[in-house]
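So you can see what is in the structure, the chains are spelled out below.
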Amino acid sequence: MTWTAAGLHRYPAKTFTWSQADAPKADAPKAAPALIVIRNKVYDISGDFVSWHPGGAVALSQVGYEASGAFEAFHDAKAWTLLSKYYVGDLAASEIVPPTPFLQDIQKLRTLVKQKGWDKASKAYYAAKFFSNMAILGISLLLLAKFGKTVAGTAVSSLFMALFWQQSGWLAHDFLHHQVFKNRAINNALGYFIGNVCQGFSVAWWKNKHCTHHSTTNIHSRDPDIDTLPYLAWSEHALEGFADIGEHQAAEFLVKYQPILYFPLLTFARLTWAIQSLLWSAKPKSERTFPTLPLVERVTLVAHYAWLVTAIYFFSTPVLGFFWISLAQLLCGIFLASVFSLNHNGMPVYSVQDAQKMEFYEISIRTGRNVDPTHFNNWFTGGLNYQIEHHMFPTIPRNNLKYVAPIVEDICKRHNIPYHTTSFGAGMVEVVARLGSIARLAHKMKLE
């Protein structure tokens, strides 16, 4: 029998077929194994695994998949020791698929990244990012202090606050992807300060959502970032969800006019996420599927709203203060969501079945859209304009992705895998065009 951290396993180590390692059916018992395959070895991550796993239930998104790419993209060498405790067997020899030439090239690139030190962060670079971001906050509060009793001054202050929140999001993103320090506790601590206190988004809520997105990018019914019905439909797969929506007519209206409604909807993105974040933090322990520090989460989120209210109390009036926060929320919604939209929206969306036929790295490339690396784009997007490379190597610091990008593009050319780069404006046109094509398809389906 095989011993794991969860206790004595239900069966001895053995060989498995892919059909045995597939995701359990909906009517499967709760005690059913949850098997993932990594480098032809099979691991059972059922039981208490998600209660301590830093990514929580995100790991379950890889059940039934060849999860080697996703595992190595997110974990360091220490994780292999922990994973070995959940080993239950191997893929049968007849089930093993040799690595493709594409995957062999990606593994060579991973080795090159280590050799060149591209996975190591410049502390000076991130210190400059941190202090320049705090300077944006200082400008916003200074404007509020000097001109907070006027509409124009308050509006300009809101603009800088929106930029501060957006840039805080990118900075927290880098720390929470463990790009900056080897010590994860330091990364997490700075993530809580920048993410919760400065930006006002729960770290645990964000990690659960974002890590799931990384592991199931643009996979229908799996990726939370494209689960936007009844407001927006990004693929023909999503149209199947109409039947499950109570306000059927409202959903049809929104999708029909989604190319027009898209930008107005973006303004509410930050506010929606802030509310979701608060609701997540208020969940009782029994409902959490992600390891979290509930007291830290709640205290730091309270601190966020406390400093906002304090700024209004000293520098503004109740009415103009409400205007200040509201306008900053709406502007930041546009700043954040426009970047998120460019990353993947309008790119191919795959069914679970189709995704299982592809490597993790290939999915990362096919579903990602890079944006031209101008100085403005690099700053405004927080380095996420190298979206393809970020998804392939999420722990590489943003300022080193420029070294990896031309190599990835060359690999794609050699293996006939589409690699998409565009300008910021052209990317937005592609996003809206995709919404339009789905709206027309929805109308056609209704007529038929």
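See the structure shown above.
Cut-off values and rules
- Residues numbered from 1 in each chain as written.
- Predicted model: local features only at pLDDT ≥ 70, side-chain atom pairs only at ≥ 80, totals over all residues.
- Heavy atoms only, no water.
- Pairing = 2+ DSSP bridges.
- Helix = DSSP H or I, 4+ residues; strand = E, 2+ residues; numbered from the N terminus.
- Contact = heavy atoms within 4.5 Å.
- Polar contact = N/O pair within 3.5 Å; in protein donor to acceptor, adjacent residues only side chain to side chain.
- Disulfide = S-S within 2.5 Å.
- Buried < 20%, exposed > 50% of the residue type's maximum accessible area, 1.4 Å probe, protein only.

Draft legend 1. Representation of the pairing of strand β5 (residues 41–44). Where strand β4 (residues 35–38) lies against β5, four bridges are found, and the strand directions are antiparallel. From the neighbouring strand, Ile36 faces β5, where its bridge partner is Tyr43. The hairpin turn running from β4 into β5, its antiparallel successor, is two residues long, and Arg39 in that turn takes a positive phi close to 50°. Across three bridges, the pairing between β5 and strand β6 (residues 87–91) is antiparallel. Residue Lys41 lies in a different strand from β6, and its bridge partner there is Asp90.

Draft legend 2. Looking closely at the environment of Asn187. One can find Asn187 in helix α8 (residues 184–199). Each C-alpha atom, one on Asn187 and one on Ala172, is 8.8 Å from the other, the two residues being 15 residues apart in sequence. Setting aside residues no more than four positions away along its own chain, Asn187 makes contact with Phe175, Leu176, His178, Val180 and Phe181. A polar contact of 2.7 Å, which involves the side chain of Asn187, links it to the backbone oxygen of Phe181.

Draft legend 3. Spatial organisation of the state of the cysteines. Tallied over the entire structure, the rule returns zero disulfides. Sulfur of Cys332: no disulfide; nearest cysteine sulfur belongs to Cys198 and is 13 Å away. According to the relative accessible area criterion, Cys332 is buried, its value standing at 0%.

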